[in-house]
Amino acid sequence: MAAANSSAGVKMASDGLWQGENPLDFALPLLAVQIAVILVITQGLALALRPLRQPKVVAEILGGILLGPSALGRWGAFRRTLFPAWSTAALDTVSGLGLLLFLFLVGLELDFRAVRRVGPRSVAIAAAGIVPPLLAAPGLVPLLNLAVPAPRHATFLSLCVYLGAALSVTALPVLACILKELSLLGTPFGETAMAAAAVNDIFAWALLALALAVSGGGGRDPKGPPLAPVYILASGAVFVALMLCALRPLMARLVRRVGPDRAAGLACSGAVACALLAGVVTDAIGVHPVFGAFVFGLAMPRDGGLAERAGEKVAPLVSGLMLPLYFATSGLHTNVDNVRGAAAWGMVALVVAVAFLGKFGGTFALAAGTGMPRREAAALGVAMSAKGLVELIVLNIGKERKVLDDTTFAIFVIMALTTTVLATPCMTALYRRPPTTTAPEGAAIELKGGGDNCPA
């Protein structure tokens, strides 16, 4: 047993029970059991929460928390048998690969023609929802230090940027699921919400890139030269420019030359390979690999059905298997027991209030001020406050970089869950009237690939 999971290397498969070896002491059988348990638990929770009209991401995070140190993981025999420490790297790698491919799909399906149809209003709504919570972050840091007196490995600036990004993002996939559940996805209201969320996603990725640059290795003592954050930001900007201004026209010209049918035949494998390599490039730059996959998805040409066919082939596996693992592993890394005492739970309430009211207040004020009915403006404010995928990416990367300690990570995961859980019932109460006018077919931004099951 010791040889099977020693630090020198983990054997892939056992020789079988008949030869005295437990399959769960070996990498592949244990990973298969872990994936099966996670899928069963999260799917069961999704079915239980379906009457409450909650998106799948809620069930997936709750499933991870249930299996983690907050609940079943307290039982030593369960933890040592199903989720031993030596197996963490394999599960995190598989879930991280799913995340990278999903961010490729998100970039693939962002159509800025829909944003242009809504016009500058979507940009203004997105900015109005981002600025208030972003400005509140520097005020939260001293309060966090008082409520959670843990040793900080991050500078004040890097912590402010990470918390600001976590407070201000909107989860585009989660919002798409909520709008689809309420039959609002094809309405003018839904188009405005999705366009604003798409712009918000771009702002969120810029914030995340900034956070990654200023955090460096996560500690107060930088690993590289003093100007390393500047080099990272400049290299990231050059990468984005090359992908959008050079690679995209080149791919479009290639599609026209070889023909849509022949190009579509190579779309899936070629696009996935390029997305993975783009992730390697941004990792080398100093930005997380998911950033490269997302930008490559944006750069894929939309003409000729190339992007659509690539998305159709990749999406079912990613949204049905790999992405739920990412949400569940985020829950596995969350220990709610770390949030102890009135001060820490008061911090949870404050973070939830800032995240929700900041997004809601800014969005409502601008939407109502530009002529949207107050009830719809309030529903839009609630919709923009939903967290999910991007929130968890920011939090997990912050934890990897040692910017966020375990307690702060747990506080913000609770915030993400709370704001997402509140979004659907609040929108249902605010937007009771069935939509009467639909947008033109294909006008709305929608994340495909899941059928009736939303990807996040």
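Details of the structure are given in the entry above.
About the cut-offs
Residues numbered from 1 in each chain as written. Predicted model: local features only at pLDDT ≥ 70, side-chain atom pairs only at ≥ 80, totals over all residues. Heavy atoms only, no water. Patch = residues over 30% accessible without salt bridge, like charges linked within 9 Å, V, L, I, M, F, W, Y side chains within 5 Å. Areas by Shrake-Rupley, 256 points an atom, 1.4 Å probe, with all protein chains shown as cover. Salt bridge = Lys/Arg side-chain N within 4 Å of Asp/Glu carboxyl O. Helix = DSSP H or I, 4+ residues; strand = E, 2+ residues; numbered from the N terminus. Buried < 20%, exposed > 50% of the residue type's maximum accessible area, 1.4 Å probe, protein only. Phe/Tyr/Trp six-rings, centres within 6.5 Å; stacked < 30°, edge-to-face > 60°. Lys NZ or Arg CZ within 6 Å of the ring centre and 35° of its normal. Axes fitted to C-alpha atoms, helices over the stretch in contact; angles between N-to-C directions. Parallel < 35°, antiparallel > 145°, perpendicular 65-115°, else oblique. Contact = heavy atoms within 4.5 Å. Nonpolar A, V, L, I, M, F, W, Y, C, P; charged D, E, K, R; others polar. Core = buried A, V, L, I, M, F, W, Y, C linked by side-chain atoms within 4.5 Å. Polar contact = N/O pair within 3.5 Å; in protein donor to acceptor, adjacent residues only side chain to side chain.

Undergrad: What is the right way to look at a nonpolar patch on the surface in this model?
TA: Together, L143, L146 and L350 make up an exposed nonpolar region whose accessible area comes to about 280 Å². Inspection of the secondary structure assignment puts L350 in helix α14 (residues 341-369). Taking the relative accessible area as the measure of exposure, L350 reaches 32% and is therefore partly exposed.

Undergrad: How should the packing of aromatic side chains be read in this particular structure?
TA: When we look at a pair of aromatic rings, we describe it by the centre distance and by the angle of the planes. By the definition in use, this model includes 5 aromatic pairs. With 6.4 Å between their ring centres and 15 degrees between their planes, W75 and F78 make a pair best called stacked. When its relative accessible area of 57% is taken as the criterion, W75 is described as exposed. Under the relative-accessibility criterion, F78 is labelled buried at 13%. Note on F78 and F83: the rings are 6.1 Å apart at their centroids and 50 degrees apart in plane angle, and the pair reads as tilted. Residues F78 and F83 agree in their burial class; the two are buried. Here the aromatic cluster, defined as three or more aromatic residues joined through ring pairs, consists of W75, F78 and F83. When the ring centre of F409 is taken as reference, the NZ or CZ atom of K399 above it lies at 4.6 Å.

Undergrad: Mind showing me how you'd approach the pattern of salt bridges here?
TA: Close approach of charged atoms allows side chains with opposite charge to pair. Enumeration according to the criterion identifies 4 salt bridges in this entry. Where D15 meets K11, a salt bridge forms, and the shortest distance between an N and an O atom there is 3.5 Å. A salt bridge links R74 to D337; the nearest nitrogen and oxygen atoms lie 2.5 Å apart. Taken together, the residues span a long stretch of sequence, with R74 in the loop between α2 (56-67) and α3 (76-82) and D337 in the loop between α13 (306-332) and α14 at a distance of 263 residues.

Undergrad: Help me out: how do you make sense of helix α12 (residues 289-299) in this one?
TA: Spacing of three or four residues puts side chains on the same side of an α-helix, whose turn is 3.6 residues. Buried residues dominate α12, accounting for 11 of its 11 residues. Of the residues making up α12, those classed as buried are P289, V290, F291, G292, A293, F294, V295, F296, G297, L298 and A299.

Undergrad: I keep staring at the packing of helix α16 (residues 389-400) against helix α17 (residues 406-430) and nothing clicks. Help me out?
TA: The description of two helices packed together rests on the angle between their axes and the distance between the axes. Closest axis-to-axis distance for the α16/α17 pair is 10 Å, and the angle between their directions is 175 degrees. Here α16 lies roughly antiparallel to α17, going by the angle between them. Residues E391, L392, L395, N396 and K399 of α16 form the contact with α17, whose own contacting residues are D406, F409, F412, V413, M415 and A416. Broken down by class, the residue content of the contact of α16 with α17 amounts to 7 nonpolar, 1 polar and 3 charged.

Undergrad: Sorry, what's going on with the environment of V57 here?
TA: Residue placement: V57 occurs in helix α2. With a relative accessible area of 1%, V57 lands in the buried category. Residues V57 and C177, 120 residues apart in the sequence, show an inter-C-alpha distance of 9.9 Å.

Undergrad: How should I be thinking about the nonpolar core in this particular structure?
TA: Soluble globular proteins tend to bury their nonpolar side chains together. Ranked by size, the top nonpolar core spans 124 residues in total, and within it M300 and I393 carry the most contacts. Those residues in contact with I393 that lie beyond four places of it in its chain are L99, L103, W205, L208, V290 and Y326. Membership of the second largest hydrophobic core comes to 11 residues, among which are L31, L67, L82 and L325.

Undergrad: Even after reading the chapter, I still don't get the environment of G346, so can you show me in this structure?
TA: Among the secondary structure elements, G346 is positioned in helix α14. C-alpha of G346 to C-alpha of A147: the two residues are 199 residues apart in sequence and 8.1 Å apart in space.

Undergrad: Could you clarify how one ought to interpret the environment of I178 in this entry?
TA: Within the element layout of this structure, I178 appears in helix α8 (residues 172-181). Residue class for I178 comes out buried when judged on its relative accessible area of 1%. Placed 245 residues apart in sequence, I178 and A423 show a C-alpha to C-alpha distance of 8.0 Å. Among residues more than four places away in sequence, those in contact with I178 are A386, A423, T424 and M427.

Undergrad: Please explain unusual backbone geometry as it appears in this structure.
TA: Leave glycine aside and you will find that most residues have negative phi; peptide bonds, for their part, are mostly trans. Positive phi is not limited to glycine here, since R53 has a value of about 60 degrees. Along the chain, R53 turns up in the loop between α1 (27-49) and α2.

Undergrad: Just to check I follow, could you spell out the side chain of S87 for this structure?
TA: Residue placement: S87 occurs in the loop between α3 and α4 (88-109). Using a relative accessible area of 6% as the deciding quantity, one classes S87 as buried. Polar contacts involving the side chain of S87 include one to the main-chain carbonyl oxygen of P84, which spans 2.8 Å. Those residues within four positions of S87 in sequence are excluded, and the remaining contacts are L30 and Q34.

Undergrad: How should the side chain of T408 be read in this particular structure?
TA: Tracing the backbone through its elements, the reader meets T408 in helix α17. Side chain to side chain, T408 and D405 meet in a polar contact 2.7 Å long.

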